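So you can see what is in the structure, the chains are spelled out below.
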Amino acid sequence: MSSSSIPKNETTAPKKFLNDPSDAVTNYIQGLLYQYPNTLRKLSNHNVLLSSKIDYNRVNILSGGGSGHEPSHAGYISGVVGGMLTGAILGGIFASPSVSSILAAIRAVTKPNNDGKGGCLLVVKNYTGDRLNFGRACELANGEGRNCAMVVVADDAALPREKGITGARGVAGTVFVHKVAGALASAGHDLDTVVQGAKCTANAVKTLGVALEAVTVPGASIRNDRLDGADIVEIGMGIHGEPGMKQTSMMQSKRFAKIMVDTVRDFGRLSDEDGHTVLPLFEKGDDLAVLVNNLGGTSNFELSILAGDVVSYLESSSMGCSVSRLYVGDFMTSFDMKGASVSILPLNSKITVEEQSFEALLDAPTDAPAWAKADIWMNASSSRPSAEEIPEVEMDEEKQSASQLQSVSISDISTKAESCLRAAANALLESEPLLTEYDTIVGDGDCGLTMARGAKEILSRLDNKTLDTSHPALMFQSIADAVSASMGGTSGVLLELMFRKIGSVLLASSSVIDEMALWNAFHAGVDAVSLYGGATVGSRTMLDALCPAVLAAEEENGSIEKVAEAAEKGAKGTASMLSASAGRSNYLREESLAGTPDPGAVAVGVVLKAISKA
């Protein structure tokens, strides 16, 4: 289909992996059931997901709200281990679930008049629709004799506490409430205790988000361009795209981290004693749990940078805190909103009921798939073990000498090797114009010059006695060093790999090195070119000369003359190859390749022919 024939709505609508947008929540639920066949069950007739294990004699925790904040809340449903939610009620996109669905979920996890055992806690984010619908369902359930309570989470520090009757919004800090309440419930505490723990957590945790790009909901006909300005971001934007504290210009991650931490600290918490005095959320010396949350469209790379900046600032001398628990990832998103939020929970205070600690409850086991247990750092008086670098292992500068290696049965090997190397290098220098001509046609024109640089470097090192020819293993290592220092490009790397492999095979030899040992090492070097470069015979590369040379060495008992002939024949054969699967020739049309051999293969033939004559 041509671009001019694409319907307009297909070019302007945001790109999403969707079917019918009206079925999106149903499709999402089906995907989860496939992913977690042993953990999740769907409640008939409702968009409600429940744990496969429901204990009516323990408190069961439900949460939910509008869809679009995944993995919240279905990702926090635990299985046989327990420790978080028993179920989640999924509303439409950014829409509160119905009272009937919430009530159906409560009925599924409770029994009426159960002698005070079990019960249900509803953890609800502070949005009017959620409060009303969950509240109505809660009271209807209580009217049926089902022990049910509700805790509202309002952890967003973006808006003033006195902002209307709605107050702060519920955002990512809700996940900490799930975890603490779930741990208390799994430990067998009664509903009053679980409610008190949830309230303490909700009061103690505060969150602030930053949006770099606004959210576009599935099914929208156009993309949300509210933050499309190249330099515009919004501090405190809500998880449904609601306005935040302010719009400002783009800044470095460190500045975002400072703004988020300072705002959360100064927003504070209400005093446990009188319930209305605002205290700083944390002070110097406090230990903290920090949750750095992806709002949907932020890369893990960026999120890790922000997390590092947040912890560095909190543990700086000016803040004086420690972060023993750091959670980084997708916890409560807003579809594709590019941004992040930071939630901070001070750990120094205890849950007011039964002296339970936040640390123990956060660390309690759970098999909820979306919960990421922190790698705990307990000793705030010392640096993290991860701050200690593993020392780099330096190369042993003391090189082996020929006398320490396997003996060589070839007489006067050093003189012969130098003669062959000089012959090969000079032949390459003489062939530079021809190689350049060929590569200008089928490549990028630099093959001749690249080979010439390597040849000159080898001659120079032979002249100044820095290329060791005393032993074949040391010689091939030295050749690899020379190639690495001079040639560059793909051919230079491949030849270096070949020579290094030849050298390492000879170094590892457990028997006397004779001519066939050299050919076997050459075979291994050619295999390395294919392994690391990915090409094979027929790819129109230097392997079309190297591989026939290896075969000839095996069939002709190492006759260098036959090896050179096979390499030259293979190189000439590349002129009739009208396609290439590797190298720059891969980008050329057939008519551009016809009649011109591969210059890398030709260079191999030149070298082996020069060695055969030497």
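Residues numbered from 1 in each chain as written. Predicted model: local features only at pLDDT ≥ 70, side-chain atom pairs only at ≥ 80, totals over all residues. Heavy atoms only, no water.

With that settled, the discussion passes to the domain arrangement of the protein chain. Along its sequence, the protein chain is carved into domain 1 (21–203), domain 2 (207–273 + 281–382) and domain 3 (413–612). Centre-to-centre separation of domain 1 and domain 3, based on C-alpha positions: 68 Å. (Domains from an automatic or database assignment.)

It is at 7 Å that the axes of helix H10 (residues 413–442) and helix H11 (residues 447–463) come closest, and there the two elements cross at 160°. The angle between the axes of H10 and H11 places the two elements in the roughly antiparallel class. Both H10 and H11 take part in a crossing whose hand is left-handed. When H10 is examined against H11, the residues Glu418, Leu421, Arg422, Ala425, Asn426, Leu428, Leu429, Glu432, Leu435, Thr436 and Asp439 are found in contact with a partner set consisting of Cys447, Gly448, Leu449, Met451, Ala452, Ala455, Lys456, Ile458, Leu459, Leu462 and Asp463. (Axes fitted to C-alpha atoms, helices over the stretch in contact; angles between N-to-C directions. Helix = DSSP H or I, 4+ residues; strand = E, 2+ residues; numbered from the N terminus. Parallel < 35°, antiparallel > 145°, perpendicular 65-115°, else oblique. Left-handed = near helix turned anticlockwise from the far one by under 90°. Contact = heavy atoms within 4.5 Å.)

A rise of 1.5 Å per residue sets the reference length of helix H13 (residues 489–507), with its 19 residues, at 27 Å; its end C-alpha atoms lie 27 Å apart and thus fit the reference within 8%. Taken together, the buried residues of H13 touch H11, helix H12 (472–486), helix H14 (515–533) and helix H15 (543–555). (Expected span 1.5 Å × (residues − 1).)

Moving on: the layout of surface pockets. The computed volume of the largest pocket comes to approximately 1100 Å³. At the level of elements, H10, H11, H12, H13, H14 and helix H18 (599–613) are the ones that each hand at least two residues to the lining of the largest pocket. Looking at which element gives the most residues to the lining of the largest pocket, the answer is H10, with 8 residues. By residue class, the composition of the lining of the largest pocket is 33 nonpolar, 4 polar and 2 charged. (1 Å grid on protein atoms, 1.4 Å probe; cavity = no way out; pocket = protein on both sides within 12 Å on 5 of 7 lines; lining within 4 Å. Points joined across faces, edges and corners; volume = space filled by probe spheres on them. Nonpolar A, V, L, I, M, F, W, Y, C, P; charged D, E, K, R; others polar.)

To continue, consider the pattern of salt bridges. Overall, the coordinates contain 17 salt bridges when judged by the stated rule. For Asp363, the salt bridge is made with Arg325, and the minimal N-O distance between the two is 2.6 Å. With Asp363 in helix H9 (residues 358–363) and Arg325 in strand E13 (residues 322–329), the pair connects residues that are 38 residues apart, well separated along the chain. (Salt bridge = Lys/Arg side-chain N within 4 Å of Asp/Glu carboxyl O.)

This paragraph deals with the packing of aromatic side chains. Inspection of the entire model under this criterion finds 5 aromatic pairs. Taking 5.7 Å as the distance between ring centres and 75° as the angle between the ring planes, the aromatic pair formed by Phe176 and Tyr327 counts as edge-to-face. Here the residue Phe176 occupies a position in helix H5 (residues 174–186), and Tyr327 occupies one in strand E13, the gap between them amounting to 151 residues. Take Phe176 and Tyr327: they sit in the same class, and that class is buried. (Phe/Tyr/Trp six-rings, centres within 6.5 Å; stacked < 30°, edge-to-face > 60°. Buried < 20%, exposed > 50% of the residue type's maximum accessible area, 1.4 Å probe, protein only.)

Read across the sheet, 6 strands follow the order E9-E8-E7-E14-E12-E13 without closing on themselves; strand pairing throughout is mixed. Two strands in the sheet have a free side with no partner beyond their single neighbour: strand E9 (246–249) and E13. Taken over all neighbouring pairs, the strand axes of this sheet differ in orientation by 20° on average, direction set aside. The strands touched by H5 within the sheet are strand E12 (287–294), E13 and strand E14 (338–346), with E12 carrying the most contacts at an inclination of about 125°. Strands E12, E13 and E14 of the sheet are contacted by helix H8 (residues 300–314), whose axis makes an angle of about 155° with E12. (Pairing = 2+ DSSP bridges.)

Let's shift gears to unusual backbone geometry. The omega angle of the peptide bond from Glu70 to Pro71 is 15°, so this bond is cis rather than trans. Mapped onto the elements of the fold, Pro71 is located in the loop between strand E3 (60–67) and strand E4 (87–93). A cis amide bond links Ser72 to the next residue, His73, at an omega of 5°. Positive phi is not limited to glycine here, since Asn113 has a value of about 50°. On the secondary structure map, Asn113 appears in the loop between helix H3 (99–109) and strand E5 (120–125). For Lys465, which is not a glycine, the phi torsion comes out positive at approximately 65°. Looking at the element boundaries, Lys465 is found in the loop between H11 and H12.

A word on the sheet that holds strand E2 (residues 48–51). Spatially, 6 strands are ordered E1-E2-E4-E3-E5-E6 in an open sheet, and the strand pairing comes out mixed. The sheet is open, and its two borders are formed by strand E1 (40–42) and strand E6 (148–153), each paired with just one other strand. Put simply, the sheet's adjacent strands are angled 25° from each other on average, direction ignored. In this structure, E3 lies alongside E5, joined through 4 bridges in parallel fashion. Residue pairing for E5: Ile61 is matched across the bridge by Leu121.

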